[in-house]
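# A structural walkthrough
For reference, the chains in residue letters:
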Amino acid sequence: MNGTIRVGNLFGIPFYIHPSWFLVLGLVTWSYSSGLGAQFPQLSAGLALLLGLMTALMLFASVVAHELGHSFVAIRQGIDVKSITLFIFGGLASLEKESKTPGEAFWVAIAGPLVSLLLCGIVTAIGVTTTASGPLAAILGVLASVNLALALFNLIPGLPLDGGNILKAIVWKITGNPYKGVTFASRVGQIFGWVAILSGLVPLVLFGNAGNFWNLLIGFFLLQNAGNAAQFARVQEKLTGLTAEDAVTHDSPIVSANLTLREFADERVISGQNWHRFLVTDDDGQLVGAIAVDNLRTIPTALWSETQVKEVMRPIAESTTVQSDQPLLEVMQLLEQQKVSVLPVIRENGVLVGILEKAAIIQLLQSRTQPNPA
């Protein structure tokens, strides 16, 4: 997954760490160990470093708990959580699909900040009720404040933050259109991105102060991800209402199982068709397999006239086909998941409609974005 390292499972959810996380872990450990050493001179350097590492790990555990909040609510809605990843800007729970209603989307989005606020309250209560003092009190204070900051930062109403997803759900509820919600929340996210960039860039340019350099990174992160979300929403909206059959390639590479290899070669290969793989159908038009041009080489040319396609074809797994009435958006996601560019399209009774190519979806999108002539 883009250079991430899988470290195991959390409650059955694959857990990954981006290499940048180790750099952040080191910086946070050094920062808090230095702070504890300065605040409590009686601490040895080794103990301060150990306490700093423990603090850093508990902070990242708080980020994981935040993402688990999103994940558990999504799972209760029947949404599979593909992974949880820790990276330089925090954490990310990758969900299989969107919630079905704006209300469900709202609860998935707000679950993370609620968990962070709950952790802030629990840690604060522990500090008060146990009358903790010294380094322990300092660590508890850091944990409480960071969880509070994590909740408040994520509640900023702009994608890709949780607040942006909450705003998306609200706009979706008002307009009845989830894509308008994404578009609006993305624009707000881009605004916050520019504000963050300016807050880091102005002091740097005017005064040479790099104290807000982190704001620059956050700003670019918001700009890029908000823009990507808006672009994907536009694609989703244009694919709404379309099915797999709408994107089937005309004159798809289909041959009858009863053809001889000689007929297959003459009609399909030598005739100039550029396909390297053909789908095979029976007398009822049902998909029964596939044959590649290279398969011809396995049979001596002298036997082509007495060997039928069905004797050479290979079976096709049901998982590699899509139903003709399946939403085109789901098909596009399936193409990405399986890392393929072509899928056979069949009707409910197994009759083959044709092939669907990723390029055909792109062409369909382009045709729907072109203005209609007056």
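All values reported here derive from a predicted model rather than from experimental measurement.

A word on the sheet that holds strand 5 (residues 254–256). The strand order across the open sheet formed by 3 strands is 5-6-7, and the pairing between neighbours is mixed. In the strand order of this sheet, the two ends are held by strand 5 and strand 7 (287–292), each with one partner. Within this sheet the neighbouring strands show an average axis-to-axis angle of 35°, counted without direction. Two elements, strand 5 and strand 6 (residues 277–281), share 3 bridges in a ladder whose sense is parallel. Looking at the pairing, Val255 lines up with Val280 of strand 6.

Attention now goes to the packing of aromatic side chains. Here a ring pair, both rings aromatic, is described through the centre-centre distance and the interplanar angle of the planes. Inspection of the entire model under this criterion finds 5 aromatic pairs. Between the aromatic rings of Trp21 and Phe22, the centroid separation amounts to 5.1 Å while the plane-to-plane angle is 80°, which identifies the pairing as edge-to-face. Measuring from centroid to centroid gives 5.0 Å for Trp21 and Phe60, while their planes differ by 65°, and the two rings are edge-to-face. In this pair, Trp21 sits in helix 1 (residues 20–39) while Phe60 sits in helix 2 (residues 45–76), placing the two residues 39 residues apart along the sequence. Of the two residues, Trp21 and Phe60, neither departs from the other in class, the shared state being buried. In textbook terms, an aromatic cluster arises when at least three aromatic residues are bridged by ring pairs, as seen for Trp21, Phe22 and Phe60.

For helix 1, built from 20 residues, the straight-helix expectation of 28 Å at 1.5 Å per residue is met to within 8% by its first-to-last C-alpha distance of 29 Å. On the buried face of helix 1, the contacting elements are strand 2 (13–17), helix 2, strand 3 (81–87) and helix 4 (134–154).

What follows concerns the environment of Gln39. Following the sequence through the fold, Gln39 ends up in helix 1. Sequence spacing of Gln39 and His250 is 211 residues, and the spatial spacing of their C-alpha atoms is 74 Å.

Analysis parameters
Residues numbered from 1 in each chain as written. Predicted model: local features only at pLDDT ≥ 70, side-chain atom pairs only at ≥ 80, totals over all residues. Heavy atoms only, no water. Pairing = 2+ DSSP bridges. Helix = DSSP H or I, 4+ residues; strand = E, 2+ residues; numbered from the N terminus. Axes fitted to C-alpha atoms, helices over the stretch in contact; angles between N-to-C directions. Phe/Tyr/Trp six-rings, centres within 6.5 Å; stacked < 30°, edge-to-face > 60°. Buried < 20%, exposed > 50% of the residue type's maximum accessible area, 1.4 Å probe, protein only. Expected span 1.5 Å × (residues − 1). Contact = heavy atoms within 4.5 Å.

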